[in-house]
Amino acid sequence: MEGQNKQPLNNPAPREHSQFALLGSRRFAPFFWTQFLGAFNDNVFKNSLMAMVTFGLLSSGLDLNLMNNLGALLFILPFFLFSALAGQLADKYEKSHLIRYVKLLEIVIMILGSACFLMGYTWGLMLLLFLMGTQSAFFGPAKYSIIPQHLRSDELVGGNALVEMGTFLAILLGTITAGLFAISDQGPEIIGAIIIAIAVLGYITSRKIPSAPSLGSDIKINFNPFTETWRTVAFSRANKPVFLAIMAISWFWFLGAAYLTQLYGFTRLNLGGDQSVVTVLLATFSIGIALGSLLCERLSGHKVELGLVPFGSIGLTIFGLDLYFHPLIAAGTELINAQTFISQAGAWRVIADFALIGIFGGFYIVPLYAMVQERSEEAHRSRTIAAINIMNALFMVLSAATAFVLLGIFDWSIPEFFGLLAVLNALVVIYIYTVIPEFAMRFLIWMITHTIYRVTHTDLHKIPQEGPCVLVCNHVSFMDALIIGGACRRPVRFVMFKPIFNIPVLNFIFRTGKAIPIDSKKADPEAYEMAFQRISEELRDGQVVCIFPEGKLTTTGEMDTFRNGVSKILESDAVPVIPMALRGLWGSFFSHKGSPALTRMPRRFWSRVELIAGDQVQPMDASPEYLQERVLSLRGDIR
């Protein structure tokens, strides 16, 4: 069975299919439909309740705005109270069984909810809204921590993309379903039947989820929600890159909650639209996130590409600002429908803004979730996910409070609020990228390798996913290290000629990537010795080191003789060597063809470049002559 013979996260096999193939795999499909149906049911229930309260089918005796805010609070509160406990349970116990218990709880809640809808029992429904938040809080840590147990590392981005796509499409479909049936003549009966049926179907699909064994069976459960919540968040802070990724994820939910909460008011007050216009913009936003999420796998080359995160944040800022500067203001007192709105000048600009905010939001969020899954400690992964849920809930509450203060007390307009969100987004991400420059470094690499070159990769799975090794490659251009670094899933420590290391802008990338500058023993003996000392330290730390044994860029397009540097490395640290070859870079702006690199206008963009990896060479066989022969064989006649 697939679930029993899966490829573990740290031992990826070559990828042959797109992310959509996962929807036909038992390793992923039952889990996907379980979480999709759960998100759909949540939104049918919540939106039906709010619609019935709004249009008088249910009565609470409280102000409408107070009821809406109370409903949001009751759904979010369990994430504060129970996420830490949920994280402990998901780390301690087998996850597929835990998910099934959660889905059984959903069936019970929906049966009670159906009865409350039929009887018009508003406060019973509000209590059940709290219980729905509770079961969602218990589902969350298992939901995201089970993915890396069933998927290979080259499937991680695709799997998370499908989950994000499914979540936002479920939100959209659930909202539309509630809008269609909740206030109809038979609304309580129809909604009651739908939520029970979907809950039962979700439990059935959950029974097909493969086993995901416990990774921390010795955990002692702490039932105190306050101390354990504090401990869970504090523990996540121990891994600084992961914690900042958590904060970046939570900031996205701050933005998302702000946009979605203000969508109704923005549509009515600034666009003069009715409910159908809200539906159009909500659909545009949700489909945008789904599309952006799905594009992540293609744009990232099937690996966790942090370079997409700054790319996504730039788009969030630009198109958030465009909503602020948009001149379309409602005129008249009668609200217009979607068809009339679309026919107005400037309407498509608003639609495009919401679509692009969604698309760039997908670019932003998917790699962050994948990064947390990949870099968090396996035995604590569910508790790390629990920390995400806690912080997400906190940021959503802060989002609502910020909107209340600015829009309610200081009387800001909604476009002004959107403009502030865009500016704050720029400031937040600049801070994160300053504290952890890896994001900015990966963005620069990603931009270079997706604007100047079209890079294809062959057999890079031959680079071991764990343990030290040395990569050796031909040296054609100043971009060689960036292309290799952008292609490899593991961080690579490059040994490079000091003059190249010191090139402005590129130096930032090289320093951030912990490159090792080297010079000849004659020109700079101290740098020479220091370089080999650093190489040994990195290898003994289990890292990947890449050297260019020619020692310089080719001036003819042909490979120069490999020097003895690799032999000196292997004398101290006998590790496997992976020969690699770059093809297609000769003649580029960064190569020495015709004249020194960087001294002439580029003659072409989007050059086709290929990076090929060969079989491992054991250290006793890795003579410079043999390695040169292997690299030349991989390169062939294409320079």
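Just so it is clear, the structure is predicted and the values come from calculations on it, not from any experiment.

### A look at the sheet that holds strand 5 (residues 544-547)
Then comes step 1: Ordered in space as 1-7-6-2-5-3-4, the seven strands form an open sheet in which the pairing is mixed. The sheet is open, and its two edges are formed by strand 1 (453-458) and strand 4 (516-518), each paired on a single side. Going from strand to strand, the sheet's axes swing by 20 degrees on average, the running direction of each strand aside.
Then comes step 2: As judged from the four bridges shared by strand 2 (residues 469-473) and strand 6 (residues 577-583), these two strands associate in the parallel manner.

### Some remarks on the environment of Thr458
Then comes step 1: Along the chain, Thr458 falls in strand 1.
Then comes step 2: Non-local contacts of Thr458, meaning those with residues more than four positions away in its chain, are made with Glu610, Leu611, Ile612 and Ala613.
Then comes step 3: Among the polar contacts made by the side chain of Thr458, one reaches the side chain of Glu610 at a distance of 2.8 Å.

### Structural notes on a nonpolar patch on the surface
Then comes step 1: A cluster of nonpolar side chains, Phe404, Val405, Ile409, Phe410 and Trp412, forms an exposed patch at the surface whose accessible area comes to about 520 Å².
Then comes step 2: The residue Phe410 is located in the loop between helix 14 (381-409) and helix 15 (414-435) in this model.
Then comes step 3: On the basis of relative accessible area, Phe410 is assigned to the exposed category, the value being 55%.

### Topic: the packing of aromatic side chains
Then comes step 1: Taken as a whole, this structure holds 26 aromatic pairs when the rule is applied.
Then comes step 2: Between Tyr144 and Tyr369, the aromatic rings sit 4.4 Å apart at their centres with planes inclined by 0 degrees, giving stacked as the arrangement. Of this pair, Tyr144 sits in helix 4 (residues 122-145) while Tyr369 sits in helix 13 (residues 347-375); the two residues are 225 residues apart in sequence, bridging distant segments of the chain. Both residues of the pair, Tyr144 and Tyr369, belong to the buried class.
Then comes step 3: Pairing Phe311 with Trp446 gives two aromatic rings, centres 5.1 Å apart and planes at 40 degrees, and the pair type is tilted. With Phe311 in helix 11 (residues 308-325) and Trp446 in helix 16 (residues 438-451), this residue pair connects regions lying 135 residues apart in the sequence.
Then comes step 4: Owing to a relative accessible area of 22%, Phe311 belongs among the partly exposed residues under this scheme.
Then comes step 5: Taking relative accessible area as the criterion, Trp446 reaches 6% and is therefore assigned buried.
Then comes step 6: Here a set of aromatic residues connected by ring pairs shows up, and it is made of Phe28, Phe31, Phe32, Trp33 and Phe36.
Then comes step 7: Geometry around Phe139 places Lys103 over its ring, the cationic atom sitting 5.9 Å from the centre.

How each quantity is defined
Residues numbered from 1 in each chain as written. Predicted model: local features only at pLDDT ≥ 70, side-chain atom pairs only at ≥ 80, totals over all residues. Heavy atoms only, no water. Pairing = 2+ DSSP bridges. Helix = DSSP H or I, 4+ residues; strand = E, 2+ residues; numbered from the N terminus. Axes fitted to C-alpha atoms, helices over the stretch in contact; angles between N-to-C directions. Contact = heavy atoms within 4.5 Å. Polar contact = N/O pair within 3.5 Å; in protein donor to acceptor, adjacent residues only side chain to side chain. Patch = residues over 30% accessible without salt bridge, like charges linked within 9 Å, V, L, I, M, F, W, Y side chains within 5 Å. Areas by Shrake-Rupley, 256 points an atom, 1.4 Å probe, with all protein chains shown as cover. Salt bridge = Lys/Arg side-chain N within 4 Å of Asp/Glu carboxyl O. Buried < 20%, exposed > 50% of the residue type's maximum accessible area, 1.4 Å probe, protein only. Phe/Tyr/Trp six-rings, centres within 6.5 Å; stacked < 30°, edge-to-face > 60°. Lys NZ or Arg CZ within 6 Å of the ring centre and 35° of its normal.

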